[in-house]
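Now for the letters of each chain:
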Amino acid sequence: MIDLLYVVLIAPFADFAFMQRALFGSLLLSLGACPVGVFLMLRRMSLSGDAMAHGILPGAAAGFLFFGLEILPMTIGGLIAGAIVALGAGAVSRFTVQREDASMAAFYLISLALGVLLVSMRGSSVDLMHVLFGTVLALDNEALALIGGIVAVTLVVLFVFWRALVAECLDPLFLRSVSRLGTPAHFIFLGLVVLNLVGGFQALGTLLSVGLMMLPAASARFWTSRVEPMCVLAVLIGFASCLSGLLLSYHAALPSGPAIILSAGVVYFVSIMFGTRGALRARAIRHRHRIA
Amino acid sequence: MTDPCLTFRDLTLGYDSHPAVHHLDGRVAKGSLTAVVGANGSGKSTLMKGIAGLLTPMEGGVVKAPGIRIAYLPQRSEIDRTFPARVVDLVSLGLWPRRGLLGRHTAQDRADVGKALQAVGLAGFEKRSIDTLSGGQFQRALFARVLLQDADLILLDEPFNAIDARTVDELIALIRHWNGEGRTVMVVVHDLELVRRNFPETLLLARREVAWGKTGEALTPEHMLRARRFHEAWEDDAPWCETSDHDHDHSHEAHGGARAA
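Residues numbered from 1 in each chain as written. Chains lettered and ligands numbered in written order. Predicted model: local features only at pLDDT ≥ 70, side-chain atom pairs only at ≥ 80, totals over all residues.

**Quick notes on the sheet that holds strand E2 (residues 18–29) of chain B**
Residues and elements named next belong to chain B. A sheet is described by the order of its strands in space; here three strands give the open sequence E2-E1-E4, paired in antiparallel fashion. Across the chains shown, the open sheet's two edge strands, defined by having one partner strand only, are E2 and strand E4 (59–64). With strand direction ignored, the average angle separating the axes of adjacent strands in the sheet is 15°. Note that strand E1 (residues 4–15) and E4 share five bridges and pair antiparallel. Counted as the bridge partner of Phe8 is Val62 from E4. Its contacts with the sheet place helix H1 (residues 44–52) against E1, E2 and E4, and it is angled at close to 120° to E1. (Pairing = 2+ DSSP bridges. Helix = DSSP H or I, 4+ residues; strand = E, 2+ residues; numbered from the N terminus. Axes fitted to C-alpha atoms, helices over the stretch in contact; angles between N-to-C directions. Contact = placed C-beta atoms within 7 Å.)

Below, the structure written as structure tokens:
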């Protein structure tokens, strides 16, 4: 029995360095991306995260166009493109009548088309798949260092701006009336989103990196009604999804990125049904109530 | 007259080049308690936002007494009530002027939060999630937050909407208590009876000032009629308002008179 557990759970990581790096990289990613995802969800910007992830594509593609499949140029390109989309869409919604969802959709559709076009100009459809869906099993030390740096920055910024981020979600007008931090906090937060999406892009691709951000956050929402535990829970769900996704991909020879995101998807559906704030519980407790 | 807390100088506030508050002049005395009255769209909320500094004037400006702290309570609809927060989290936001972004909330601060909740009759509600509060309880929590802000000027935008009579009475008592402490309070109110009973000063708005002064003198039937007659809708082809020309108001009145409902 112990042997079986070892073979199923430990051996893949003990025997293969690429599995270790994949696990380490994806766990790091969860540590930064999941709390960011919680705030993204609480600000009702879940779809904006998706949009920004697409926004990264043309930048990464431009890096690919000039330098090939090299991590640094593609990352820098992605960062620039993501920042442009986030700032552009954010500015459109702040300073014009158009809501963020519409401006995001506009920016991301343009970005996606441009990105696919750029990759296709030089690469094959395999390269396109790499850019869109990532290669978590091919994380090298350079990529791990990059992810580590991004996570460190994310955690520090979250810690420093925590109060402003909560206030900006809960009652933005109040924050604006007592402080000038409202608008900066908004853009700093968008910066964090882009940073974490770019961090996830090498491992999970531009289309799936947002999955590790949103699915654990959306699942955690069903279990708690406070922000701090929600962030911790989201990170734990992220960890579990990465572990199970990698094991699944190893044993069943499945593509690893989708396996991780699908694992998170399973947690999501379980949470919908069985969460303390989920569907079944809401039905079950309807029949019992206190007298006051 | 005592020192002004606020001085409006030819203040024009609005959206998209259409004024919602038009060439307002006047002063709000320190320690005064003023009701801001007017029809929907008459610029009450806009004026509040302008004073709170959330809206940049199109013309003129608001001069605030140096160093005053402002607490602004917007209309209830602007807060995300589904946000996962407890009552104590919401009320603790009021510590922001004291502690800012990074200052630790001390034991004293937490005690003050408790006292504020007690003052609004929400003792024991600390751990309740905000989406479980009734409308009245939620409004009390927001009043507790205002209390915690310890502001010199308090701006309340329609704080009594959809609030039952008993709660209104209690909130009014709080407002009068704040005023008794020497704070300046401006409240947007719809209920004229409430204004007559509780507010010494009234500013009657219909985009521009209709009347401003002692409540009894401001809320005369003649003034009320004039306030009711103003034309709420923007007109895309409304003539441009020339700053130096102080006859501009008459054109608006003419519109209003012609289309009075």
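Here the narrative resumes.
**Topic: the domain arrangement of chain B**
All names here are of chain B. With domains assigned, chain B is organised as domain 1 (1–68 + 153–164 + 181–261) and domain 2 (70–151). At the junction of the two partners, domain 1 supplies 16 residues and domain 2 supplies 12 residues. Those elements that place two or more of their residues in the side of domain 1 that touches domain 2 are H1 and strand E6 (153–157). Sorting elements by how many residues they give to the side of domain 1 that touches domain 2 places E6 first, with five residues. Of the residues assigned to the side of domain 1 that touches domain 2, the class counts are 10 nonpolar, two polar and four charged. (Domains from an automatic or database assignment. Nonpolar A, V, L, I, M, F, W, Y, C, P; charged D, E, K, R; others polar.)

**Concerning the sheet that holds strand E5 (residues 70–73) of chain B**
Residues and elements named next belong to chain B. In spatial order, the strands read E5-E6-E7-E3-E8-E9; together these six strands make up an open sheet with mixed pairing. Each edge of the sheet is formed by a strand with only one pairing partner; in this case those strands are E5 and strand E9 (208–214). On average, each strand axis in the sheet is inclined to that of its neighbour by 15°, with strand direction left out of account. As judged from the four bridges shared by strand E3 (residues 33–37) and strand E8 (residues 201–206), these two strands associate in the parallel manner. When the bridges of E8 are listed, Val36 appears paired with Leu203. Across the face of the sheet, H1 comes into contact with E3, E5, E6, strand E7 (184–188) and E8 while running at roughly 150° to E6.

**Structural notes on the interface of chain B and chain A**
Between chain B and chain A, the contact holds 19 residues from the first and 19 residues from the second. Elements with a contribution of two residues or more to the side of chain B that touches chain A: E5 and helix H3 (96–99) of chain B. Of the residues belonging to the side of chain B that touches chain A, the class tally is 15 nonpolar, one polar and three charged.

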